Amino acid sequence: MKRWSLYLLICLILVGAWCLFNQLESTDTELSVFGFKIELQQEKVSGQVIDEDGKPLVAEIRFFDSEGGLVKRIQTNLKGEFGIHLDEGYYTIELSRGYEYERKSIPVEVRQGQPVQVKPTILTRLIDWRAKDYYGGDFNQHSHFSSEGQNTVEEVLTANLANGLSYGALADENTVDGNDEWNALADQVHYLALSGQTVMHRQQRYVAVNVPKQLTLDSEASIDSINQLGHQIHKSNGILLTDALNDSIKSLLEGKGIDAIEIWNGQQVPPIRSLEGLEKKMTANVLRREKWFELLNQGMKITAVANSNNYDINGALIGEGITKNEHYNRWLADGGSVGEPRNYIKADELTVAGILKGIKEGHVFMTNGPLMDITINDKTFGDEISGVTDAEIAYLVTSNQSELMQLNIIADGEIIQEVPLAKNVPNLGTLNLNLSDYQWVAFEVLTTSYEYALSNPIYLKAD
């Protein structure tokens, strides 16, 4: 009898431990074992972010545990204020606002009964890429109006501000229900909002931008019907993007219904050829980039873009399995939010017309960190140039978060010149190359980590 009682006690302990573990995974404040509620020891951590003039700054706040693991990602409110309850322990708070502001880290200790009030923190703008007529934004992000979206429209917009975006499109799946709120909220904070929607067909996405009316595709989604959809959008002064880089993409581009192709989706790692040892599904962007290069080599001029495709502003990828690939692990911790990656578009003005014109003309580079401004004989991304026997390439490359490593000059899909970069300072320089044998030239920036940038091409033609 005693033996059975002992067995029963052991079983109860094991079941209790299992319940305890699972509830620890699902809640930060309370758990229950055999009907008994146990309060976890938490305390509030709060603070404010301001700019150099003491004005509130909307920013992203990330909390790392004592081992460097990402615990939480939140945004301040419009007053620059944040507050969160955390378990007892040691944390590092990282405050940031995209790629043009400095990042600051603050160590804190959380103890029960001792709320932590962080002093107002100033984030200084290190460089203003807008002075070079570049504006960063994201065309593919989702609110709770998408089936898997986790956030309200207001939360998505706040995350755009916190991540330093100048413009953005709300592209919920098969609906435009959030666009009125998106535009109204943006007007209040002087943010350039674009109406958008994702037209889904099986696993393929067609993102319409600057089209408030609901759009649909027929059940077959033939090449003709997609091109007709694109032409319909163009009549409304909108554009159509796609990530459907399948065998039909060339026909779609020849029909001129598609304005740009998404070669870098934030749900997979950046298109860096040297990232190895990952699941094939996570390296899809590398294949998309190579397909784009093939199209360029066939003489087609088509703009490439990068978007987050974000459904959870606080990082749906947090907590994914750790691998032996350090690049991948850091990408999991740092990515996953809106504007990761984003498009920097060179535009005459920050208006809907200016941004869409920049897309159509290919004045775009894609990035999840490094910034670039590069010309060939004073021509920029998307431009066409002739007489390039002696081409002067002028470049400025910088980053606020990663250690720069190398600038690659890519001609017709192959690296023809590698330019070493100083790690933690802006890199400014010129070089001369004979480009007379090539159709197009693009540029990529490599870092010592997962951060990466890739430009649209400058097109070359013979004299």
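In this report, we go over the structure that sits alongside the text. (Residues numbered from 1 in each chain as written. Predicted model: local features only at pLDDT ≥ 70, side-chain atom pairs only at ≥ 80, totals over all residues. Heavy atoms only, no water.)

## Topic: the sheet that holds strand β8 (residues 104-110)
And step 1. The antiparallel open sheet is built from four strands, whose spatial order is β5-β4-β7-β8. The open sheet is flanked by β5 (70-75) and β8, the only strands paired with a single partner. Mean inter-strand twist for the sheet, computed between neighbouring axes without regard to direction, equals 20°.
And step 2. The pairing of strand β7 (residues 89-96) with β8 spans seven bridges and is classified as antiparallel. Looking at β8, one finds that Tyr91 is bridged to Val108. (Pairing = 2+ DSSP bridges. Helix = DSSP H or I, 4+ residues; strand = E, 2+ residues; numbered from the N terminus. Axes fitted to C-alpha atoms, helices over the stretch in contact; angles between N-to-C directions.)

## Regarding helix α2 (residues 153-162)
And step 1. α2 sits mainly inside the fold: eight of its ten residues count as buried.
And step 2. For α2, the set of buried residues is Val153, Val156, Leu157, Thr158, Ala159, Asn160, Leu161 and Ala162. (Buried < 20%, exposed > 50% of the residue type's maximum accessible area, 1.4 Å probe, protein only.)

## Observations concerning the packing of aromatic side chains
And step 1. In total, this model carries ten aromatic pairs according to the counting rule given.
And step 2. A ring pair is formed by Tyr134 and Phe365, whose centres lie 5.4 Å apart and whose planes are at 65°; its orientation type is edge-to-face. You can see Tyr134 sitting in strand β11 (residues 134-141) and its partner Phe365 sitting in strand β19 (residues 364-367), a full 231 residues away along the chain. This pair shows no difference in class: Tyr134 is buried, exactly as Phe365 is.
And step 3. Measuring from ring centre to ring centre gives 5.6 Å for Trp292 and Phe293, while their planes differ by 35°; the resulting arrangement is tilted.
And step 4. Judged by relative accessible area, which is 0%, Trp292 ranks as buried.
And step 5. These aromatic residues form a ring-pair network of at least three members: Tyr134, Tyr344, Phe365, Phe381 and Phe443. (Phe/Tyr/Trp six-rings, centres within 6.5 Å; stacked < 30°, edge-to-face > 60°.)

## Some points on the nonpolar core
And step 1. Core analysis: the largest hydrophobic core is formed by 37 residues, its most contacted members being Tyr206, Ile258, Ile261, Ile263, Trp292 and Met366.
And step 2. A per-element tally of this core places helix α6 (residues 284-297) first, with four residues.
And step 3. Those residues within four positions of Ile263 in sequence are excluded, and the remaining contacts are Leu245, Asn285, Arg288, Arg289, Trp292, Ala304, Val305, Met366 and Leu454.
And step 4. Phe381, Leu396, Val419 and Ala453 belong to the second-largest nonpolar core, a separate cluster that totals 32 residues. (Core = buried A, V, L, I, M, F, W, Y, C linked by side-chain atoms within 4.5 Å. Contact = heavy atoms within 4.5 Å.)

## Describing the pairing of β11
And step 1. When you tally the buried positions in β11, you get eight out of eight residues, the bulk of the element.
And step 2. Where β11 lies against strand β18 (residues 342-346), four bridges are found, and the strand directions are antiparallel. Looking at the pairing, Gly136 lines up with Tyr344 of β18.
And step 3. For β11 and strand β12 (residues 167-170), the ladder comprises three bridges, and the chain directions are parallel. Within the sheet, the bridge partner assigned to Asp138 lies in β12 and is Gly168.
And step 4. Traced from β11 through α2 to β12, the parallel crossover comes out right-handed. (Right-handed = clockwise from strand over helix to strand, strands pointing away.)

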